[in-house]
Amino acid sequence: MTMGIVAVRNVMLDTEEDRKKTRINPIFCFVAAYSTLMLRLTRFDFNDAMVRATLFVPLYTKFLTAVHRDCLSENPSPITRFFGSKLMTYLGGLAFPMFILHGPIGQIFYKK
């Protein structure tokens, strides 16, 4: 959630010059961010904390920023339209209540 807040704030602070720059397609940042998680499968023995902190979080924040900027454009890319579709909005609306309720419900049914 914090990465989303940072991305939105970066877009809010865009100047007129920033708005005129060519935008990158958010799919490139999306693929790059999730491909960094595959580094854990290599023989170089990257651990999860190292990969997430140094590669995934910055790339995913860049992806979120690119999506927010793309939403403001006249012709958003397909991935932006997909994440803004009615289905994804509906699923996102379900995800937050499930996140809030799973803790208390888990405590009720937790057996020691």
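Refer to the preceding data block for the structure.
Keep in mind that what you see is a predicted model, and the values were worked out from it rather than measured.

Draft legend 1. Looking closely at the nonpolar core. With eleven residues, the main nonpolar core is built from A7, C29, A33, L37, V51, F56, Y60, F63, L64, V67 and I79. Breaking this core down by element, the ones donating at least two residues are α3 (26-36) and α4 (48-71). Ranked by the residues each element gives to this core, the list is headed by α4, at six residues. Setting aside residues up to four positions removed in sequence, F56 forms contacts with A33, Y34, T36, L37 and V51.

Draft legend 2. Looking closely at the environment of R69. Inspection of the secondary structure assignment puts R69 in helix α4. Assessed through its relative accessible area of 21%, R69 is described here as partly exposed. Separated by 25 residues in sequence, R69 and F44 place their C-alpha atoms 36 Å apart. With sequence-adjacent residues up to four places away left out, R69 is seen in contact with N10, V11, D14 and R23.

Draft legend 3. Highlighting the layout of surface pockets. Counted as a void, the largest pocket has a volume near 290 Å³. Lining the largest pocket are Y60, F63, L64, V67, H68, C71, T80, F83, G84, M88, L91 and G92. Mapped onto the lining of the largest pocket, the elements with two or more residues apiece are α4, α5 (78-83) and α6 (86-109). It is α4 that provides the largest number of residues to the lining of the largest pocket, a total of six residues.

Draft legend 4. The pattern of salt bridges, seen in detail. The final tally for this structure, using the stated rule, is one salt bridge. Between R52 and D48 there is a salt bridge, with its nearest N and O atoms 2.9 Å apart. Taken together, the residues span about one helical turn, with R52 and D48 both in helix α4 at a distance of four residues. For R52, a relative accessible area of 34% puts it in the partly exposed group. Among the residues examined, D48 registers a relative accessible area of 30% and is labelled partly exposed.

About the cut-offs
Residues numbered from 1 in each chain as written. Predicted model: local features only at pLDDT ≥ 70, side-chain atom pairs only at ≥ 80, totals over all residues. Heavy atoms only, no water. Core = buried A, V, L, I, M, F, W, Y, C linked by side-chain atoms within 4.5 Å. Buried < 20%, exposed > 50% of the residue type's maximum accessible area, 1.4 Å probe, protein only. Helix = DSSP H or I, 4+ residues; strand = E, 2+ residues; numbered from the N terminus. Contact = heavy atoms within 4.5 Å. 1 Å grid on protein atoms, 1.4 Å probe; cavity = no way out; pocket = protein on both sides within 12 Å on 5 of 7 lines; lining within 4 Å. Points joined across faces, edges and corners; volume = space filled by probe spheres on them. Salt bridge = Lys/Arg side-chain N within 4 Å of Asp/Glu carboxyl O.

Any functional reading would require information beyond the geometric quantities listed.
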